[in-house]
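A structural walkthrough
Chain residues, written in single-letter form:
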Amino acid sequence: MASQQMAIANIERIDIITEEAQPRVFSFDTASDASAEAQISAGAENELRIKNQILAQNITEDIVKGFNISFTDSTFSPDVFALVDGGESSVYGAEEFAKYSAPTAGEVVSRTRSRIAVYSSEKDYDGHSLSYTAFVFPHACGTPASVTFKDGEFFAPSYTVKSRPSKGSSPMTVLSLPSLPIVVSSTDDLPDSPVNGKTVILTAADSIAGLPETIPVGTYAIYRGSAYEEI
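The present account deals with the structure reproduced in this document. (Residues numbered from 1 in each chain as written. Predicted model: local features only at pLDDT ≥ 70, side-chain atom pairs only at ≥ 80, totals over all residues. Heavy atoms only, no water.)

**A short note on unusual backbone geometry**
Peptide bonds are mostly trans, and most non-glycine residues show a negative phi. Despite not being glycine, N10 has its phi angle at roughly 70 degrees, a positive value. For N10, the location among the structural elements is in strand 1 (residues 8-18). (Helix = DSSP H or I, 4+ residues; strand = E, 2+ residues; numbered from the N terminus.)

Here you go:
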């Protein structure tokens, strides 16, 4: 049987979805690169060898503990920077950025756990997007952000988050989505006339009219012709 082949390209968007009672979603489409490096507990091979013969081997397999996800943003987003780095960001008035303060030196930092979703698109022969592929990493925690400045170049912060799922959970999920998700925090955010395949991320703690109450907060739901279903 021939395997299905998908031509995947680009970073269409990155979502950071906090694992809170009422999740916050930080979305940006300005990432220039992203990578996920598997973190493993290495297995061992213990062989019983007598002279020129191997009589037996005792082998334990590598075990995946999670992933370290690294990405670079082409712009500076104070909210994303604060979430990953673990400090506090403040604004003037309603939304104008004022100041960021990094975590206190020498003290333990309590960072918010999040799910990281990196979206790519499946391309057709003529170059248009057939669908979107989301690589999702759960229970991720930020690390101190790295900053580099170069004269004549735009500031592009680099981030690393460590995804370590709970026992019995998958360390990575790959989803095929017909559309990029819409963040839904109220009934007003739902499309008036959703088409089949429309995808949403529910962030409201209370149920929203038009979405089944069985869909957990912070998860994906896809419209299947007549109603939304959890993915």
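Once the structure has been displayed, the description carries forward.
**Considering a nonpolar patch on the surface**
There is a patch of nonpolar side chains on the surface, built from L48, I50 and L55 and spanning about 280 Å² of accessible area. Residue position: I50 is located in strand 4 (residues 45-50). Judged by relative accessible area, I50 falls into the partly exposed class, the value being 47%. (Patch = residues over 30% accessible without salt bridge, like charges linked within 9 Å, V, L, I, M, F, W, Y side chains within 5 Å. Areas by Shrake-Rupley, 256 points an atom, 1.4 Å probe, with all protein chains shown as cover. Salt bridge = Lys/Arg side-chain N within 4 Å of Asp/Glu carboxyl O. Buried < 20%, exposed > 50% of the residue type's maximum accessible area, 1.4 Å probe, protein only.)

**Things to note about the pairing of strand 2 (residues 25-28)**
A one-sided burial pattern is seen for strand 2, the buried positions being F26 and F28 and the unburied ones V25 and S27. Alignment of strand 1 against strand 2, held across four bridges, turns out to be antiparallel. Considered in strand 2, the bridge of D15 is made with S27. Counted between consecutive antiparallel strands, the loop separating strand 1 from strand 2 contains six residues. (Pairing = 2+ DSSP bridges.)

**Describing the nonpolar core**
Counting residues in each nonpolar core, the largest one holds 21 residues, and the members touching the most others are I16 and I116. Of all elements in the fold, only strand 1, strand 2, strand 6 (63-73), helix 1 (78-85), strand 9 (114-123), strand 10 (129-142) and strand 11 (158-163) reach the threshold of two or more residues within this core. Looking at which element gives the most residues to this core, the answer is helix 1, with five residues. Residue contacts for I16: discarding those within four places in its chain leaves R24, V25, F26, F28, F71, V80, L83, V84, S114, R115 and I116. Residues V184, V200, L202 and L211 belong to the second largest nonpolar core, which totals eleven residues. (Core = buried A, V, L, I, M, F, W, Y, C linked by side-chain atoms within 4.5 Å. Contact = heavy atoms within 4.5 Å.)

**Some words on the sheet that holds strand 15 (residues 220-223)**
A sheet is described by the order of its strands in space; here four strands give the open sequence 13-14-15-16, paired in mixed fashion. Edge positions in the open sheet fall to strand 13 (182-184) and strand 16 (228-230), since each of these has one partner strand only. Taken pair by pair, the neighbouring strands of this sheet meet at an average axis angle of 35 degrees, ignoring direction. Where strand 14 (residues 199-202) and strand 15 come together, three bridges link them in antiparallel fashion. Across the sheet, residue T199 finds its bridge partner in strand 15, namely I222. (Axes fitted to C-alpha atoms, helices over the stretch in contact; angles between N-to-C directions.)

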